[in-house]
Amino acid sequence: MKELMYGVAYYPEYEHEYRIDEDFQMMKKVGMNVIRVAESTWSTWEKEEGKYDFSILVKTLDKAEEYGLKVIVGTPTYAVPSWLVKKDVDVLATTKKGRWMYGSRQIMDIVNPTYLEAAEKIIRKLLEVVVGYKCVIGFQIDNETKHYGTAGKNVEKLFKEYLKAKFKTVENLNEKFGFAYWSNSINTWDDLPSVLGTINGSYAAEFEKFQRHLAAEFLVWQRRIVDEYRREDQFVTHNFDFYWKQDELAPFGHSYGVQPDINHYEAAKAVTLLGCDIYHPTQDDLTGSEIAYCGDSIRSLKNEQYMVWETEAQGFRYWTPYPGQLRQQAFSHLASGACGVEYWHWHSIHNSYETYWKGILSHDMKESAVYKEAMTIGADFKKIGPYLQKIIKHNKVAIVVDNTSQTALKYFPIGDAKDQPGKEFLEYNDVVRTYYDALYEQNIECDVIDVACLVERVRNYDMIVTPALYCATDETIDALKTFVENGGVLVSSFKSFFADENIQVRQDLQPYKLTDVFGMYYQQFTRPGKTKLLGKEVTVWQELLIADKDTETINYEHKYWGNYAAITKHEYGDGCAFYIGCWCDKDILKDRLKQAAQRAGIETIGCNFSVVVRNVINEAQQNIHFVFNYSEEETVVKCPYENVEDVLTGNRYVAGQDMLMQDWGTLILVEK
Amino acid sequence: MKELMYGVAYYPEYEHEYRIDEDFQMMKKVGMNVIRVAESTWSTWEKEEGKYDFSILVKTLDKAEEYGLKVIVGTPTYAVPSWLVKKDVDVLATTKKGRWMYGSRQIMDIVNPTYLEAAEKIIRKLLEVVVGYKCVIGFQIDNETKHYGTAGKNVEKLFKEYLKAKFKTVENLNEKFGFAYWSNSINTWDDLPSVLGTINGSYAAEFEKFQRHLAAEFLVWQRRIVDEYRREDQFVTHNFDFYWKQDELAPFGHSYGVQPDINHYEAAKAVTLLGCDIYHPTQDDLTGSEIAYCGDSIRSLKNEQYMVWETEAQGFRYWTPYPGQLRQQAFSHLASGACGVEYWHWHSIHNSYETYWKGILSHDMKESAVYKEAMTIGADFKKIGPYLQKIIKHNKVAIVVDNTSQTALKYFPIGDAKDQPGKEFLEYNDVVRTYYDALYEQNIECDVIDVACLVERVRNYDMIVTPALYCATDETIDALKTFVENGGVLVSSFKSFFADENIQVRQDLQPYKLTDVFGMYYQQFTRPGKTKLLGKEVTVWQELLIADKDTETINYEHKYWGNYAAITKHEYGDGCAFYIGCWCDKDILKDRLKQAAQRAGIETIGCNFSVVVRNVINEAQQNIHFVFNYSEEETVVKCPYENVEDVLTGNRYVAGQDMLMQDWGTLILVEK
Amino acid sequence: MKELMYGVAYYPEYEHEYRIDEDFQMMKKVGMNVIRVAESTWSTWEKEEGKYDFSILVKTLDKAEEYGLKVIVGTPTYAVPSWLVKKDVDVLATTKKGRWMYGSRQIMDIVNPTYLEAAEKIIRKLLEVVVGYKCVIGFQIDNETKHYGTAGKNVEKLFKEYLKAKFKTVENLNEKFGFAYWSNSINTWDDLPSVLGTINGSYAAEFEKFQRHLAAEFLVWQRRIVDEYRREDQFVTHNFDFYWKQDELAPFGHSYGVQPDINHYEAAKAVTLLGCDIYHPTQDDLTGSEIAYCGDSIRSLKNEQYMVWETEAQGFRYWTPYPGQLRQQAFSHLASGACGVEYWHWHSIHNSYETYWKGILSHDMKESAVYKEAMTIGADFKKIGPYLQKIIKHNKVAIVVDNTSQTALKYFPIGDAKDQPGKEFLEYNDVVRTYYDALYEQNIECDVIDVACLVERVRNYDMIVTPALYCATDETIDALKTFVENGGVLVSSFKSFFADENIQVRQDLQPYKLTDVFGMYYQQFTRPGKTKLLGKEVTVWQELLIADKDTETINYEHKYWGNYAAITKHEYGDGCAFYIGCWCDKDILKDRLKQAAQRAGIETIGCNFSVVVRNVINEAQQNIHFVFNYSEEETVVKCPYENVEDVLTGNRYVAGQDMLMQDWGTLILVEK
């Protein structure tokens, strides 16, 4: 397609009357061109074991061809029918909290043989039915796949084999995990302690790594089946989702950070087209940062475009968009490199569970304020589509993320644990997102890369940021050292490099093997208490840095801790290394990151949040600049480009000229 | 009896020495005339299976006859003996949280055959022993009966039969509950999803309705047994209880609103005398509103008098009454139409669990400040009894309550769910009680009627109020429409009429089928955020109303939502309909309700809370006005009646005359 | 040893390389002389059942002899190996929350035969290996022993036998526990209600008393085994721990008050040398009060010296000591009568669970700021050791503590229960600690004695304080009455004497049998609401005291409760009794306690917190005064002694002379 994808997840199965024609007419009127179907309704396709009924689906595809809509067909394996569980109750995963009860989606044991056999059958039957349709442009394998905590006897058995293969001897395992502690060491593999009851952080984290691996393998297995059927022009995609945070911004939750229950980088090999869902705060809390973070993360998996398979139209009562926001959100996805946007979902559901996760249509199924705004997006997508083909970014900054560090900091929390009475709870993703946002708000664009590809890609960047990279292999550390030696700029937060890949704390001065690079070391850390830094409160965590003479420092302000540095900057080789030893005020962090970017020779633009600028390059090698005003107040921006045209309005601007930005407004500027 | 009932729940079984004579002498000195006995001590009456010992009971009844006390005998079935559970562990109900453990009351499976057989035996034995006593004036069947969450295999089986009978085919069931969602649809009845794990709100709510039905049927079953024994002059009653809310006013809880675990209206058919318990905040938090709300609810079940079988004497540490409060509370019950008051309980218990739920006597079993105040009540009850025979109310306003809406709003909460981090939690009963209290505080008296009797009784009223009537049948909606057409005034809150009786959201403009009546419609709603209304914060929920031209409106104050109405008033037919589209300030609500009452031609009196006026009509058709001062400050009220006498003091007042009200004072004015 | 013990818990098993020589050299450099080994690593000593390997231990002991370090060997029974649980899953205790999962320590059923058999074997094997070493000066049996909630079928069976022996008949049991309530009474012992589900506070508390007894008996059993092996010069000790409170001061918890899960007084008979661990807030929250309270408690068990087997070196991020604090803490322990201090532990652990409970060495295993401060302590301990041999205290004040009252107030909380929405939660230990701290902060030293030894020791004291002594036997009450008659001063808090030893509330005026002693009685109590006392808020609890004419009173300030007394003072016999009827401001409490101490003729010193003075007498009968400045500000204290020498510095002071105290400073003054 030489156009942007624009559409919805569509569930005619959920409708209580036939209205496919009416729905498709309404979609066409909006300007939509794609729908995603069939995922999550296995019991509709297979009413009893072996009793198939694809009539609604066939009707939908026939009509899609008639109306000229493209279709992505999802495999329905993430919600199991009741008959499958009646057949074998072990289809429901056993987790730390016991066995799941039937009812919800995403509760099955993804390595259970009964499940896998039934899943394979329905996938094959489905593909046979749909693969021949011209309108079917691709397949989504499963949906938001994760490991669902599966930890039954069969999984423990597989884990034992995995451990044997990895660690060879029980002696080595005892040593690597420190099993002697509290009498957990073993003398035969059969005495392996329970993964459910263990208090050994290394063992627990290794099991979670193994669970993530099972989830990735499950997707690869589905990909192989689909490959047996699909045409060359049909893609395989997946709807990756992010760590889901419930907070006061969004009590039911929103996309936030690194997904702990599957490794996106490992699982990305299962797809030919990257994809994800992004649900984000809006109304007064719309900043674009979740859209940018999630987009940058998915794009960075392969440095390729991706599709937003799901995002909110109206969603919950706190996501009802203000006029203009739906438009701005759609453009924001494109600005991160998306090739299109699909809403979840077409129409609001009238019952069951997600009744208040509203779609493009409200429950009345009629045109509404939101429907009308979606129409303007459809029209604009047609207009700007030609400019936005095969867009990509060439960022010079990378943030490094790591599932192992994330798990480790769950078992060894930075501040207080969630169930403790202290109020200093800080999780891995808070650090990642704060460092990301500090760049984002200063218009310093970055990739978000998995530590697994750091060695391979490190040369692509001028500046590397490691937020809470708690567990680091020797190889990672060596690569970063070389990176700085060769002229790179490294910015590391507190808690980086403290432990190895088995979550074993390094037995040497910290930051491990990098004290010469950072020009400092530390042996102690503390809760900040009354400590201040540059006049502002420090909270949760501070390391007591002892700097070398040639290191620039900012010290803590405190009767006793004032003798120690909080932040250091040190020239090393041809490069430079910054270390931020505490959880500090965001403005202080932003200053440091800006300084680091300047040291790395990265150009920054003169405007700051609420004005956000995001840049892409299209297939014609044109530089395109998205300029957003994430605010309910109008603002004026001086044009920072020599000669550009806003493809939305046709307005042209030259350097220094005032560009008026509406509340929640967007400009899409093409360099002329 | 031509007197008011006044007494206590009495448990000689709990006493550690013989003191029935002393107790009865002390009760007589107080002026008490009734006691309730025998409920909750099954293990005392049947020490082992078939080994009976009613000696304490017989002694109590003999002595009651001697002292001239009337007795209500309770069946002891709500607390099972340990031997019964040892016989059959399934007597303990299995719920969502697993099987209850033995120890507490109200933990049995009320459809378990072992339980029912044993319960029937002890009821029959008990009745044989007591039925002949002249002092026994009635029987209480069970106590505070509810379904206790019973959901074991046997209950699931009964539920399947119930569903088959109600929905006929699985296709119909799939359709009505939207079972296609997340692959929950079934092809045979045997594949019914688990009621314990389900995420389908319609299915979960239907199961709760079924559980309520089991509880009501259990009471009917007991009534039938009692009917085989009782004399015509002996009544059958039950002690209904209300939704129990734990809050900072009363950390252990207090009576608050609609009971979700049995439907009072359905169960009321099991009794010949209505009864309930009412526990309410007191001290600085005594407003009389719980006493009024609960009384109005129970009376409205049949438009008959009721007995307060339990209310606090001293209760918990936060219920120790101020001087004068115990008196005022007793009169408050009468003002709602009670035929008497019994305290729970005579003496404080010295051990076990409710040790700090103190009775008339403290643990020292001696006369005390509370005992002495109870004596003044006894004396007054004698004096005013003749004026208060067969009192009843003729209210022109009704509030409509509904268990189905209540359940639905548990699964689809108005604001944030209880386990979510947002702080905007609002439950069904909060809406009901706020609307009720807004009337109460303005001295607009009302009935509280179950939606099930709306069609039958709608003609009795001039004004109907529907707080959060989320689920409404077509029949209900039609009745309300006709009511307005015929001149009635309807006041509906947000969230009314949104779904049908299966909790399926209506697929049309909202308020469903009533847009012409209200003269407006809406398609969207939102968390209010910064929205204000008449200068005051709106929280939790607001609907974005789009009003017709002839509709009076008050709009939101907000940059974007200001285009929408919050409150509407619309003349329709001969009547008028008010809609309040958000959770707003209580004073705004009170203004609207007052305006509505005036439109309905309902007279209101010139005084407001803390002065509360409640009116009854006695068997002599005399108008009697209770005037209360719920305050620790004295106040003066202008007499609003032409010529009245306070039967407590004999003081007479004419219109406009100053009536001095003590702190926590009461006047009982009879029109002359 | 004619020196102070100074050392660490040492786990060479946890080290990833051989470094015993390096460790011992570093310890010697610090000035340490003892280590504790072998506890908690059973799986290292017995790799599979019957497969022993004590090689690390033997190496450690050989090296200890070489380096001249003394060793305490712990039995490793508090953490079971995985093979033992695979052999018999019932080794894991079944509690109210179900069966423990393998992984943590302290999860076994201490009466399980498989466990006991295996434990006995490993103890005997271990003792055979180590008992002959000269360096081994003593044994620690188990560690922090408690009952771990064990309540499986076997424990219920033992409990039944215990009840039969104690109560003889079911009728007596029914009566004593009030089992008639809610139909819990029984007719045969086989019908005993479940201890897990019971709501009967008396029954639940009796079971907890029984569980405490099992824990004490377990230690006695270990002692008997060790006695078969040990030399006469080798002591037997235990590491008792305290109620562990998690609060904002220390989110992971800290030592706080009376241990509910074993009775220290009963269990103390198992040891020849008292011992405990004390973990306490530090940094800005270092007050010395936990060190003092815990020390006073352990010392008072036998009026003997005790060893601090564990205390924090660096611990958690909130315990990183300020410069000077580690020193001050060490001296603080000695000031309560400790014979030495061991840190937990030598080096920080690199993995597993307590990774952030840091030892003397940080994870880098190098010298650090903390290591260097520990060296100064080592040097000082050598210097002051000779002055501090066999030190003891002769206190004239005792605070009485009681496990039964503690349990009772868990089931019948003083204010709101923990899971209730009210915010007035107050637990037994809060009362104990507030009363203790009110004395501590005024430099009134006291013993902390178990109620079980009150009758025996009451004559030793001039003043007795009973904080929340809720359950009191007749014997206890009589002893206190006689104590006052004979000239003693009694200070009792609210909630004292309310119930008997079966948690049955007394059926008489309160305070039970002591109304003449206190010169007042009360029948009612209440949540304070708006009540004030001497202008300050009263919270949680107040009793409405009615005083005799000759009783000094302070009344509440409140419209209604102002008629009642809050605090009373009454001369009785030759003595005097104070009663504090509410949870009041700490300053009011301190005034009362000071007044009481003066009435008792107890000398108090002119300085108050942050200056704390603690006194001991050594074997040479010298009076030694520890003076502490628990503050980050320097201060000056006027010397209150005629002629003293600070043995740390050699400085001499005479009465009235200025003594300069550093921040976190200590003086150790010997009278000359």
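What you are looking at is a predicted structure, and each value in this text was computed from that prediction instead of being measured.

Asker: Please explain the overall build of chain A as it appears in this structure.
Answerer: What chain A contains, in helices and strands, is 18 helices and 33 strands. Taking 672 residues into account, the globule formula puts the C-alpha radius of gyration at 26 Å, and chain A, at 26 Å, falls close to it. Along the first, second and third principal axes, the C-alpha set of chain A runs to 75 × 75 × 45 Å. Considering chain A as a whole, with its 672 residues, one finds that 69% of them fall into the buried category. When contacts within chain A are restricted to residue pairs at least 6 apart in sequence, long-range pairs at least 24 apart make up 73% of them.

Asker: Please clarify how the sheet that holds strand β5 (residues 70–74) of chain C should be interpreted in this entry.
Answerer: Note on sheets: strands pair through backbone hydrogen bonds, and any given pair is parallel or antiparallel. Residues and elements named next belong to chain C. In spatial order, the strands read β9-β8-β5-β2-β1-β14-β13-β12; together these 8 strands make up an open sheet with parallel pairing. Looking at the sheet topology across the chains shown, the edges are occupied by β9 (235–237) and β12 (274–278). Averaged over all adjacent pairs, the angle separating strand axes in this sheet is 25 degrees, with direction ignored. As defined by bridge partners, β5 adjoins strand β8 (residues 136–140) across 4 bridges and the pair is classed as parallel. When the sheet's bridge partners are listed, Val-71 is paired in β8 with Val-136. On the sheet, helix α10 (residues 289–302) packs against β12 and β13 (306–311) and is oriented at approximately 165 degrees with respect to β12. Sheet strands in contact with helix α12 (residues 369–384) are β1 (5–9) and β14 (338–343), and its direction is about 145 degrees off that of β1.

Asker: Looking at this structure, I do not really get the packing of aromatic side chains. What am I missing?
Answerer: The geometry of an aromatic ring pair comes down to the distance between the two centres and the angle between the two planes. Residue and element names in this part refer to chain C. Applying the stated rule across the entire model yields 186 aromatic pairs over all chains. Relative to Trp-357, the ring of Trp-319 has its centre 6.4 Å away and its plane inclined at 70 degrees; by these criteria the two rings are edge-to-face. Within this pair, whereas Trp-319 is found in the loop between β13 and α11 (325–335), its partner Trp-357 is found in the loop between β14 and α12, the two being separated by 38 residues in sequence. Take Trp-357: its relative accessible area is 5%, and that puts it in the buried class. Their ring planes at 70 degrees and their centres at 5.2 Å tell us that Phe-518 and Tyr-579 sit as a pair that is edge-to-face.

Asker: Honestly, the interface of chain A and chain B in this entry has me stumped. Any pointers?
Answerer: For an interface, size is often stated in terms of accessible area lost upon the parts coming together. Contacts between the two partners involve 62 residues from chain A and, on the opposite side, 56 residues from chain B. Here chain A packs against chain B, burying approximately 5,000 Å² in sum over the two surfaces, 49% of which is carbon and sulfur. Counting the contacts that link chain A with chain B gives 7 salt bridges. Lys-423 of chain B is the salt-bridge partner of Glu-248 of chain A, the closest N and O atoms lying 3.3 Å from each other. Inspection of the region where chain A meets chain B yields 41 residue pairs in polar contact (both at pLDDT 80 or more). Listed by contribution, the elements that provide at least two residues to the side of chain A that touches chain B are α2 (42–45), β3 (46–48), α4 (82–87), β10 (243–247), β11 (250–257) and α12 (369–384) of chain A.

Asker: Hey, could you run me through the relation of the copies chain A and chain B in this one?
Answerer: To go from the first copy of the chain to the second, apply a rotation about an axis and then a shift along the same axis. Aligned on chain B, chain A shows an RMSD of 0.1 Å; the corresponding rotation is 120 degrees and the shift along the axis is 0.1 Å. Such values leave the two copies arranged in the relation of a three-fold axis.

Asker: How do you make sense of the nonpolar core when you look at a structure like this?
Answerer: Across soluble globular proteins, nonpolar side chains have a tendency to be buried as a group. One finds Met-463 of chain A, Met-463 of chain B together with Met-463 of chain C to be the most contacted residues of the largest nonpolar core, which totals 699 residues. Discounting chain neighbours no more than four positions away, the residues touching Met-463 of chain C are Lys-396, Val-397, Ala-398, Leu-439, Phe-483, Val-489, Val-491, Leu-593, Ala-596, Ala-597, Ala-600 and Ile-602 of chain C.

Asker: Even after reading the chapter, I still don't get the interface of chain C and chain A, so can you show me in this structure?
Answerer: Contacts between chain C and chain A engage 62 residues on the former and 56 residues on the latter. Overall, the association of chain C and chain A removes approximately 5,000 Å² of surface from exposure, summing both partners, and the carbon and sulfur fraction of that is 49%. Among the residues chain C hides against chain A, the three largest losses belong to Arg-317, Ser-352 and Tyr-356 of chain C. Together they make up 17% of the total. Taken together, the connections running from chain C to chain A amount to 7 salt bridges.

Asker: Would you take a moment to explain unusual backbone geometry for this structure?
Answerer: A negative phi angle is the norm for most residues apart from glycine, just as the trans form is the norm for most peptide bonds. Omega for the bond connecting Phe-609 of chain B with Ser-610 of chain B falls within 30 degrees of zero, at 15 degrees, which places this linkage in the cis form. Each neighbour pair has its own omega, and for Gln-510 of chain C with Pro-511 of chain C the value is -10 degrees, a cis peptide bond. Within the element layout of this structure, Pro-511 of chain C appears in the loop between β18 (489–493) and α17 (515–518). Even without being glycine, Trp-664 of chain A reaches a positive phi, approximately 50 degrees. In the Ramachandran plot, Asn-443 of chain C falls in the positive-phi region, its phi being about 60 degrees despite a non-glycine side chain. Topologically, Asn-443 of chain C is positioned in the loop between α14 (428–440) and β16 (447–450). For Asn-443 of chain C, a relative accessible area of 10% corresponds to the buried category.

Asker: What is the right way to look at the confidence of the model for chain A in this model?
Answerer: Residues shown with low pLDDT carry predicted positions that ought not to be read at fine detail. On average, residues of chain A score 97 in pLDDT, and 100% of them are at 70 or above. For this predicted complex, the interface score ipTM comes out at 0.96, alongside a pTM of 0.97.

Asker: Honestly, α14 of chain C in this entry has me stumped. Any pointers?
Answerer: One full turn of an α-helix is made of 3.6 residues, so residues set three or four places apart face in the same direction. The terminal C-alpha atoms of α14 of chain C, which comprises 13 residues, lie 18 Å apart, in line with the 18 Å expected from a rise of 1.5 Å per residue. Buried residues dominate α14 of chain C, accounting for 13 of its 13 residues.

Asker: It is not clear to me how the pattern of salt bridges should be interpreted in this structure. Could you clarify?
Answerer: Close approach of charged atoms allows side chains with opposite charge to pair. This structure, assessed with the given rule, holds 153 salt bridges over all chains. When the shortest N-O distance is used, the salt bridge between Lys-245 of chain A and Asp-430 of chain A registers 3.2 Å. Taken together, the residues Lys-245 of chain A in strand β10 and Asp-430 of chain A in helix α14 (residues 428–440) connect sequence positions 185 residues apart. Overall, Lys-245 of chain A belongs to the buried group, its relative accessible area being 18%. By relative accessible area, which is 9% here, Asp-430 of chain A ends up buried. Of the charged contacts, one joins Lys-536 of chain C and Asp-585 of chain C as a salt bridge, the two residues approaching to 3.5 Å between their closest N and O atoms. Note that Lys-536 of chain C is positioned in strand β21 (residues 536–537) and Asp-585 of chain C in the loop between β26 (582–583) and α18 (586–599), a separation of 49 residues in sequence. Taking relative accessible area as the criterion, Lys-536 of chain C reaches 35% and is therefore assigned partly exposed. By relative accessible area, Asp-585 of chain C is classed as partly exposed at 23%. Through salt bridges with shared partners, one network takes in Asp-296, Arg-299, Lys-393, Glu-445, Asp-447 and Arg-614 of chain A.

Rules used throughout
Residues numbered from 1 in each chain as written. Chains lettered and ligands numbered in written order. Predicted model: local features only at pLDDT ≥ 70, side-chain atom pairs only at ≥ 80, totals over all residues. Heavy atoms only, no water. Helix = DSSP H or I, 4+ residues; strand = E, 2+ residues; numbered from the N terminus. Rg over C-alpha atoms; globule rule 2.2 N^0.38 Å. Buried < 20%, exposed > 50% of the residue type's maximum accessible area, 1.4 Å probe, protein only. Contact = heavy atoms within 4.5 Å. Pairing = 2+ DSSP bridges. Axes fitted to C-alpha atoms, helices over the stretch in contact; angles between N-to-C directions. Phe/Tyr/Trp six-rings, centres within 6.5 Å; stacked < 30°, edge-to-face > 60°. Buried area = accessible area lost by both parts, 1.4 Å probe. Salt bridge = Lys/Arg side-chain N within 4 Å of Asp/Glu carboxyl O. Polar contact = N/O pair within 3.5 Å; in protein donor to acceptor, adjacent residues only side chain to side chain. Least-squares fit on C-alpha atoms with pLDDT ≥ 70 in both. Core = buried A, V, L, I, M, F, W, Y, C linked by side-chain atoms within 4.5 Å. pLDDT = per-residue confidence, 0-100. Expected span 1.5 Å × (residues − 1).

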